[in-house]
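Structural description and commentary
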Amino acid sequence: DAGVTQSPTHLIKTRGQHVTLRCSPISGHKSVSWYQQVLGQGPQFIFQYYEKEERGRGNFPDRFSARQFPNYSSELNVNALLLGDSALYLCASSPELNNSPLHFGNGTRLTVT
Amino acid sequence: AQSVTQLGSHVSVSEGALVLLRCNYSSSVPPYLFWYVQYPNQGLQLLLKYTSAATLVKGINGFEAEFKKSETSFHLTKPSAHMSDAAEYFCAVSQNSGGSNYKLTFGKGTLLTVNP
């Protein structure tokens, strides 16, 4: 079975632009979470979605938004990019909302210049 | 709020030596605790998790961790290091009330180097 897939793998954007990152969960997984990992730091929680509804949000500005589609795939959108948004963005899926392990994708490396 | 502190950003061991990676947590409720490993240019892979069952938790690749409430610690160990263990290791805690996979809070990571 395919794991969590994220696209694109790498992306370079300019300050002020908008970006959309995509995630396909493992087949049958209904929950998707997004994490931001800045170089040299541990991942930070951004969002969790389950059955197309937002179930949790981390301490990120409103420039960050996400959604989950009927096929359980998800998009993370970031508006008005800042240099500080440069990071590895990780998507993780799990079968259910609670008490099931997270499976992480390999991430999208975003560079903002 | 919950937090995790990983002592030592870089640990270097010889092949065959004991691996000890330290993690201390802060939590106002009984925590769920995790260790993840990240190889270069990859996502995170779960090594093991503590969810209030046995305090000694065995994971994949010969790793284990012991939950010590009195010390608020969840240190990761492996008796004999292999070259393939070289990677970055993250300790994490979740908000128990949300379930074990909800809103993980990660430490800053410990880079493990294994010398031949």
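Everything quoted here is computed from the prediction, not taken from an experiment.

Moving on to the overall build of chain B. The helix and strand tally for chain B stands at zero helices and 11 strands. When the elements of chain B are put in sequence order from the N terminus, they spell out β-β-β-β-β-β-β-β-β-β-β. Viewed in the frame of its principal axes, chain B has a C-alpha envelope of about 45 × 30 × 20 Å. Burial analysis of chain B (116 residues in total) assigns 45% to the buried set. Within chain B, residue pairs in contact and separated by at least 24 positions form 56% of the contacts whose partners lie at least 6 positions apart. Total accessible area on chain B stands at roughly 5400 Å², and carbon and sulfur atoms take up 52% of it. Computed over 8 positive and 6 negative side-chain charges, the separation of the two mean positions in chain B equals 10 Å.

Within chain A one finds zero helices and 11 strands. In chain A, the succession of helices and strands from N to C terminus is β-β-β-β-β-β-β-β-β-β-β. Taking 2.2 N^0.38 as the reference for a compact globule, 113 residues should give roughly 13 Å; the C-alpha atoms of chain A span a radius of gyration of 13 Å, in line with that estimate. Along the first, second and third principal axes, the C-alpha atoms of chain A reach 35 × 25 × 25 Å.

Take the state of the cysteines next. By definition, a disulfide is the covalent link that joins the sulfur atoms of two cysteine residues. For the structure on display, the rule yields two disulfides over all chains. Sulfur-sulfur distance for the disulfide between Cys23(A) and Cys91(A) comes to 1.8 Å. A torsion of -65° about the S-S bond marks the disulfide between Cys23(A) and Cys91(A) as left-handed. Residue Cys23(A) is found in strand β3 (residues 19-24), and its partner Cys91(A) is found in strand β9 (residues 87-94); the two are separated by 68 residues along the sequence. Comparing Cys23(A) with Cys91(A) shows no difference in burial state: the two are buried. Here Cys23(B) connects covalently by a disulfide to Cys91(B), the sulfurs 2.0 Å from one another. Judged by the sign of its S-S torsion, about -65°, the bond between Cys23(B) and Cys91(B) is left-handed. Residue Cys23(B) is found in strand β3 (residues 19-26), and its partner Cys91(B) is found in strand β9 (residues 87-94); the two are separated by 68 residues along the sequence. Like Cys91(B), Cys23(B) is buried.

This part is about the interface of chain B and chain A. Contacts between the two partners involve 20 residues from chain B, matched on the other side by 25 residues from chain A. Both sides together, the interface formed by chain B and chain A hides about 1600 Å², and carbon and sulfur atoms give 48% of it. Counting every contact that joins chain B to chain A gives three residue pairs in polar contact (both at pLDDT 80 or more). At the level of elements, β4 (32-38) and β5 (44-50) of chain B are the ones that each hand at least two residues to the side of chain B that touches chain A.

Here we come to the sheet that holds strand β8 (residues 74-78) of chain A. Residues and elements named next belong to chain A. The antiparallel open sheet is built from four strands, whose spatial order is β1-β3-β8-β7. Each edge of the open sheet is held by one strand with a lone partner, namely β1 (5-7) and β7 (64-68). Between one strand and the next, the sheet's axes are offset by a mean angle of 15°, whatever the strand orientation. One ladder, built from five bridges, connects β3 with β8; its direction is antiparallel. Following the sheet pairing, Leu21 is matched in β8 by Leu76.

We now examine the pairing of β7(A). Residue and element names in this part refer to chain A. Burial of β7 is one-sided: the residues Phe64, Ala66 and Gln68 facing one way are buried, the residues Ser65 and Arg67 facing the other way are not. Sheet topology places β7 next to β8; five bridges connect them, and they run antiparallel. Its bridge partner lying in β8, Ser65 is registered against Asn77. Linking β7 to β8, which pair antiparallel, is a turn of five residues; within it Tyr72 sits at a positive phi near 75°.

Analysis parameters
By convention here, each chain's residues receive numbers from 1 onward along its written sequence. Think of it this way: whatever chain is written first is A, whatever ligand is written first is 1, and the rest follow in order. pLDDT decides what is reported in this predicted model: residues at 70 or higher carry local features, side-chain atom pairs at 80 or more are listed and counted, and totals for whole chains, interfaces and linings draw on all residues regardless. Each side-chain value is derived from all of the structure's non-hydrogen atoms; neither hydrogens nor water enter the calculation. Counting from the N terminus, the helices are DSSP H or I runs at least four residues long and the strands are E runs at least two residues long. Between buried and exposed lies partly exposed: a residue is buried under 20% and exposed over 50% of the maximum accessible area for its type, with that area taken using a 1.4 Å probe on protein chains only. Pairs of residues are marked as contacts when any of their non-hydrogen atoms sit within 4.5 Å. Values of accessible area rely on a 1.4 Å probe in the Shrake-Rupley scheme; residue burial ignores everything except the protein chains shown. His is not counted here, nor are the chain ends, while Lys and Arg score as positive and Asp and Glu score as negative. Where a charge lies is defined by one atom per residue type: Lys uses NZ, Arg uses CZ, Asp uses CG and Glu uses CD. As a reference, a globule follows 2.2 Å times the number of residues to the power 0.38, and the radius of gyration itself is taken over C-alpha atoms. Criterion for a disulfide: a pair of cysteine sulfur atoms at a distance within 2.5 Å. Computed with a 1.4 Å rolling probe, the buried area is the accessible surface lost when two parts are put together, summed over both parts. Here a polar contact means two N or O atoms within 3.5 Å. Within protein one must be a hydrogen donor candidate and the other an acceptor candidate, and residues neighboring in sequence count only if both atoms are side-chain atoms. In this scheme, strands are said to pair when DSSP sees at least two bridges between them. Between N-to-C directions, angles cover 0 to 180 degrees, with each direction set by a line fitted to C-alpha atoms, over the stretch in contact for helices.

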